[in-house]
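# Results of the structural survey
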Amino acid sequence: VDSLDLNICKSNIRHWSQQRREKKEYADRLEAKLQYLSKELARKREQVEQREANIRIEQEKAKKERDSRTREKQEKLRAQNQQIQSMVEEILYSRSSGDDKNRRRLEYL
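### Concerning the overall build of the protein
Secondary structure summary: the protein contains 2 helices and 0 strands in total. When each of the 109 residues of the protein is scored for burial, the buried share is 4%.

Structural data, given as structure tokens:
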């Protein structure tokens, strides 16, 4: 083997070694980037899940508030209806006794 062939072989080995180091460094950078992006993705998912949970909580609160207001209105209407019913019954009872004031109240209703 002459010295020219030997030098070419040594040069090729250095070149391949350099390529292998560069590829390993590139693979290491890609791995680090993958780990970073995986952590970011997990963090973003957690944020989205937290926002969704907060939205559900707010929706439940709003629904309970609406239900509560509806119940209050229904109870108020029931009380008013009961009061009106009592007044009507009282007027009808009084009407049979000929009370003019109650007759006028009935006509008003």
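### Section: the pattern of salt bridges
Tallying each qualifying case throughout the model produces 5 salt bridges. Lysine 24 is the partner of aspartate 28 in a salt bridge, and the nearest nitrogen-oxygen pair spans 3.2 Å. You can see aspartate 28 and its partner lysine 24 sitting in helix α1 (residues 3-95), 4 residues apart, about one turn around the helix. What makes aspartate 28 partly exposed here is its relative accessible area of 41%. Since its relative accessible area comes to 51%, lysine 24 is described here as exposed. Glutamate 58 is the partner of lysine 61 in a salt bridge, and the nearest nitrogen-oxygen pair spans 3.8 Å. Placement of the pair is lysine 61 and glutamate 58 together in helix α1, with a separation of 3 residues, close to one helical turn. Classification of glutamate 58 by relative accessible area gives partly exposed; the value is 48%.

Basis of the calculations
Residues numbered from 1 in each chain as written. Predicted model: local features only at pLDDT ≥ 70, side-chain atom pairs only at ≥ 80, totals over all residues. Heavy atoms only, no water. Helix = DSSP H or I, 4+ residues; strand = E, 2+ residues; numbered from the N terminus. Buried < 20%, exposed > 50% of the residue type's maximum accessible area, 1.4 Å probe, protein only. Salt bridge = Lys/Arg side-chain N within 4 Å of Asp/Glu carboxyl O.

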